[in-house]
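Report on the structure
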Protein chains: 2
Amino acid sequence: VVEGPAGTDDPEALTIAEIEGVPFAGIQFTGERWALADVQLLPPILPSKVVGIGRNYAAHASELGNQVPSAPLLFLKPPTTVIGPGAPIRLPVDSKQVEHEAELAVVIGGKGARAVSREKAMESVFGYTCANDVTARDQQRADIQFTRAKGYDSFCPIGPWIETDLKYADVGVQALVNDEVKQDGRTKDMIFDVPTLVSYVSHVMTLLPGDVILTGTPSGVGPIVAGDSVSVRIEGLGTLTNPVANRA
Amino acid sequence: VVEGPAGTDDPEALTIAEIEGVPFAGIQFTGERWALADVQLLPPILPSKVVGIGRNYAAHASELGNQVPSAPLLFLKPPTTVIGPGAPIRLPVDSKQVEHEAELAVVIGGKGARAVSREKAMESVFGYTCANDVTARDQQRADIQFTRAKGYDSFCPIGPWIETDLKYADVGVQALVNDEVKQDGRTKDMIFDVPTLVSYVSHVMTLLPGDVILTGTPSGVGPIVAGDSVSVRIEGLGTLTNPVANRA
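Our subject in this report is the structure included herewith. (Residues numbered from 1 in each chain as written. Chains lettered and ligands numbered in written order. Predicted model: local features only at pLDDT ≥ 70, side-chain atom pairs only at ≥ 80, totals over all residues. Heavy atoms only, no water.)

1. Looking at the sheet that holds strand β8 (residues 98–100) of chain B
Residues and elements named next belong to chain B.
- On the basis of which strands lie adjacent, the open sheet formed by 3 strands has the order β11-β8-β16 and antiparallel pairing. Either end of the sheet is taken by a strand with one partner, and the two such strands are β11 (135–136) and β16 (222–223).
- Where β8 and β11 come together, 2 bridges link them in antiparallel fashion. Note on β11: the bridge partner recorded for Glu99 is Thr135. (Pairing = 2+ DSSP bridges. Helix = DSSP H or I, 4+ residues; strand = E, 2+ residues; numbered from the N terminus.)

2. Observations concerning the relation of the copies chain B and chain A
- Note on the identical chains: chain B maps onto chain A by a rotation of 180 degrees and an axial translation of 0.0 Å, with an RMSD of 0.0 Å. The transformation relating the two chain copies, once decomposed into turn and shift, fits a two-fold axis. Among all C-alpha atoms of chain B, that of Gln145 of chain B lies closest to the rotation axis, at 2.8 Å. (Least-squares fit on C-alpha atoms with pLDDT ≥ 70 in both.)

3. What about the packing of aromatic side chains?
- The full count for this structure, using the stated rule, is 8 aromatic pairs over all chains.
- An angle of 85 degrees between the planes, with centres 5.1 Å apart, marks the rings of Phe24 of chain A and Phe126 of chain A as edge-to-face. Of the two residues, Phe24 of chain A is situated in the loop between β2 (15–20) and β3 (28–35) and Phe126 of chain A in strand β10 (residues 125–132); the sequence distance between them amounts to 102 residues.
- Overall, the relative accessible area of 23% leaves Phe126 of chain A in the partly exposed class.
- With centroids separated by 5.8 Å and ring planes inclined at 15 degrees, the aromatic side chains of Tyr128 of chain B and Tyr168 of chain B adopt a geometry described as stacked. You can see Tyr128 of chain B sitting in strand β10 (residues 125–132) and its partner Tyr168 of chain B sitting in the loop between β12 (156–163) and β13 (172–177), a full 40 residues away along the chain. (Phe/Tyr/Trp six-rings, centres within 6.5 Å; stacked < 30°, edge-to-face > 60°. Buried < 20%, exposed > 50% of the residue type's maximum accessible area, 1.4 Å probe, protein only.)

4. What about empty space enclosed by the protein?
- Evaluated as defined, the whole model comprises 2 cavities of 30 Å³ or more.
- If you add up the space inside the largest cavity, you get close to 110 Å³.
- Elements supplying a minimum of two residues to the lining of the largest cavity: β4 (50–54) and α2 (137–143) of chain B.
- Looking at the lining of the largest cavity residue by residue, the classes come out as 4 nonpolar, 6 polar and 6 charged.
- In this model, the second largest cavity occupies a volume close to 70 Å³.
- If you go around the second largest cavity, you meet 14 residues; those closest to its centre are Lys77, Pro78 and Pro79 of chain A together with Lys77 and Pro79 of chain B.
- Residue composition of the lining of the second largest cavity, by class: 8 nonpolar, 2 polar and 4 charged. (1 Å grid on protein atoms, 1.4 Å probe; cavity = no way out; pocket = protein on both sides within 12 Å on 5 of 7 lines; lining within 4 Å. Points joined across faces, edges and corners; volume = space filled by probe spheres on them. Nonpolar A, V, L, I, M, F, W, Y, C, P; charged D, E, K, R; others polar.)

In structure tokens:
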């Protein structure tokens with residue numbers, strides 16, 4: 001558990017409170033505390049599946065030359081894409097155009113979600129985290145299917161933690177490359193909102209505890225190259241930062 | 001462990017030998033045995049990911065009006081699609097055209113596979129099983145992305161067991177609906193063979209022990225409806241049979 005002013009970007013202002021147990025089954029504080037700057041955070045969840053939503057912001061659909069979909073457009077990223085804050089995004093050798101996509105990620109809670117209505121969908125949500133839906137744009141264009149382009153190891157940084165209390169319906173979602181703002185959207189501009197997405201996905205596939213839905217990216221996607229530092233910053237949540245490196 | 005004549009379709013001829021331990025860490029026989037007809041088999045593996053290969057038989061690509069791809073075309077089915085022999089395939093209410101796709105499934109072994117060469121790829125394979133890559137064809141056409149159409153709970157029957165010794169390069173792969181043969185292909189007609197697929201996928205995403213690759217379907221795909229019984233039969237391996245039912 002991270003404690004400090006909500007949504008701060010100042011690691012100095014934050015401390016980590018050690019817990020016992022797992023979030024979905026109740027947690028207890030041990031009393032131990034560390035400064036955030038002194039620890040290496042791991043991915044805040046290891047999901048059994050990561051469900052992505054394509055073209056969920058009109059301006060982003062438009063910048064890639066796509067129509068706005070009439071229903072949520074689903075894709076999957078394999079669990080092996082997931083990395084935590086500070087871990088390197090590794091660029092595959094056979095792509096010349098890897099891009100960032102800043103997204104609000106929804107984390108499913110302990111009851112999971114199977115065929116839940118839009119009205120009851122939020123009862124299945126545990127919290128929210130930042131995600132970077134890293135995409136090899138040239139391969140996405142070539143394959144049509146998104147799987148390879150979005151499926152490389154390290155192509156789904158999430159973190160830095162799970163915020164259980166977020167005004168998800170209208171928060172700012174930004175991507176920064178080397179501290180320069182590249183994407184700057186708001187979740188109120190989603191075509192399909194969070195309850196609609198949870199409900200829709202849960203009617204196709206049962207969502208298990210800890211599963212993650214990436215809710216789509218606003219406009220402004222662009223390239224990242226080795227040596228860059230890329231951040232996803234969500235208002236009221238925090239900032240997820242990852243270095244970019246060539247694949248070993 | 002199932003014992004009996006290789007590839008038989010006669011459950012009377014087969015017995016189950018009980019084991020202790022897990023396949024990737026060494027197994028021991030307990031000495032207990034049952035008739036296959038007296039047990040309910042579960043999925044022989046619960047994979048962390050199921051990687052599908054699209055259009056890997058020229059005649060099937062052609063029957064859906066698609067070109068033969070120049071590289072393996074990857075997609076993912078969520079682990080929640082996996083069911084075992086005898087479990088019902090549940091038809092979603094919002095598809096009017098659910099189809100069978102008989103496939104040879106490759107099961108990755110205990111060492112996993114990360115960026116393995118084609119020459120070393122088979123060292124990462126534990127064995128083979130039958131799979132039915134059930135697909136809502138109308139939704140596949142509508143979405144372009146395959147995820148929803150192939151992602152419903154129960155849309156990946158696998159089994160009846162894992163055969164560790166199979167002449168994978170040239171075996172018959174059939175689909176039968178109510179005992180009528182609908183698909184009848186041979187793995188030698190794959191565009192990309194098994195070692196090529198394992199190598200290719202492993203260069204994108206790390207394959208973990210137990211992960212499954214569906215190697216594509218031959219021509220002859222067609223509809224299944226509630227009340228049908230659909231089987232995938234692979235020469236030298238066995239037969240996977242599932243009833244078809246409406247979603248509850």
